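Chain residues, written in single-letter form:
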Amino acid sequence: MKRSELQTALRAAGRVARESEFILIGSQAIHAHCHRAPAEVLRSQECDLYPRTHPQVANLLDAELGRNSDFARRHGFYVDVVSPDLASLPAGWEPRLKPFRAGPITAFCLELYDLLASKLVAGRLKDLELVGAVLKLRLGKVSILRRRIAKFPLESERQRARLRLTLVLGDLA
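All of these numbers come straight from a predicted model, not from anything done at the bench. (Residues numbered from 1 in each chain as written. Predicted model: local features only at pLDDT ≥ 70, side-chain atom pairs only at ≥ 80, totals over all residues. Heavy atoms only, no water.)

Q: Go over the overall build of the protein chain with me, naming the residues and quoting the values.
A: A tally of helices and strands in the protein chain yields eight helices and five strands. Element order for the protein chain, N to C, with α for helix and β for strand: α-β-α-β-α-α-β-β-β-α-α-α-α. Relative to the 2.2 N^0.38 estimate, which gives 16 Å for 173 residues, the radius of gyration of the protein chain is 16 Å and therefore close to what a compact globule would have. When its C-alpha atoms are laid out on the principal axes, the protein chain stretches across 45 × 30 × 25 Å. A total of 173 residues make up the protein chain; the buried ones form 49% of that total. (Helix = DSSP H or I, 4+ residues; strand = E, 2+ residues; numbered from the N terminus. Rg over C-alpha atoms; globule rule 2.2 N^0.38 Å. Buried < 20%, exposed > 50% of the residue type's maximum accessible area, 1.4 Å probe, protein only.)

What follows is the structure, given as structure tokens:
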């Protein structure tokens, strides 16, 4: 999803939900941190978000802008409405959210290292490819990512993220 497509999706979400603020937790959060997103972000067809204050509009957003909506068929991308507890995130992530604006709509995006750490815990191939691309393009630093991994509340999450980071770094060598 290109930056302009993300902005289109956010403006549509704002209209449908009658909301002006969303939390964006998926790979599209990269757009808040750089102007030239890695190909792994551009290939994605969805933006993972939820309304900041009124989660009850999630079903409406999904019907109007989700994977099987007319919006998705028309634009080739869609809004994937998620729940706040979907992602495993390092402690203290909320104050680090970074705003991304699309007209009157603001998406509060995961901070880069919170996003990468979360992707390492999730561990799907596309998540690991994203982490690898960000590190290969030097958009992020391994030392900071390691410190962020240490902030996961559960030892099992910290271990999983460290192991997967080692695998990603091995692939980059």
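Next comes the rest of the account.
Q: Before we move on, could you go through the confidence of the model for the protein chain and cite the residues and values that matter?
A: Taken as a whole, the protein chain shows an average pLDDT of 94; of its residues, 100% reach a score of 70 or greater. Within the protein chain, the element-level pLDDT minimum falls on helix α2 (residues 39–42), averaging 91, and the maximum on helix α7 (residues 142–149), averaging 98. (pLDDT = per-residue confidence, 0-100.)

Q: Provide a residue-level description of helix α8 (residues 155–172), including the pertinent values.
A: Taking 1.5 Å of rise per residue, the 18 residues of α8 would be expected to cover 26 Å, and the 26 Å separating its terminal C-alpha atoms lies within 8% of that figure. Buried within α8 are the following residues: Glu157, Arg158, Ala161, Arg164, Leu165 and Val168. Looking straight down α8, one finds that the buried residues subtend no more than 140° of arc, so they occupy a single side. The exposed set on the far side of α8, more than 90 degrees from its buried face, consists of Leu163, Thr166 and Leu167. For α8, the secondary structure elements touched by its buried residues are α5 (112–122), α6 (125–136) and α7. (Expected span 1.5 Å × (residues − 1). Arc of directions from axis to C-beta. Contact = heavy atoms within 4.5 Å.)

Q: An account of the pattern of salt bridges is needed here, citing residue identities and associated values.
A: A complete count under the given rule lists eleven salt bridges for this structure. Glutamate 21 serves as the salt-bridge partner of arginine 52, at 3.4 Å between the closest nitrogen and oxygen. With arginine 52 in the loop between β2 (46–51) and α3 (58–65) and glutamate 21 in strand β1 (residues 21–24), this residue pair connects regions lying 31 residues apart in the sequence. Assessed through its relative accessible area of 40%, arginine 52 is described here as partly exposed. In this structure, glutamate 46 and lysine 126 form a salt bridge, with 3.5 Å as the shortest nitrogen-oxygen distance. Here glutamate 46, found in strand β2, pairs with lysine 126, found in helix α6; they are 80 residues apart in sequence, far enough to count as distant. Take glutamate 46: its relative accessible area is 14%, and that puts it in the buried class. Residue classification places lysine 126 among the partly exposed positions, given a relative accessible area of 45%. (Salt bridge = Lys/Arg side-chain N within 4 Å of Asp/Glu carboxyl O.)

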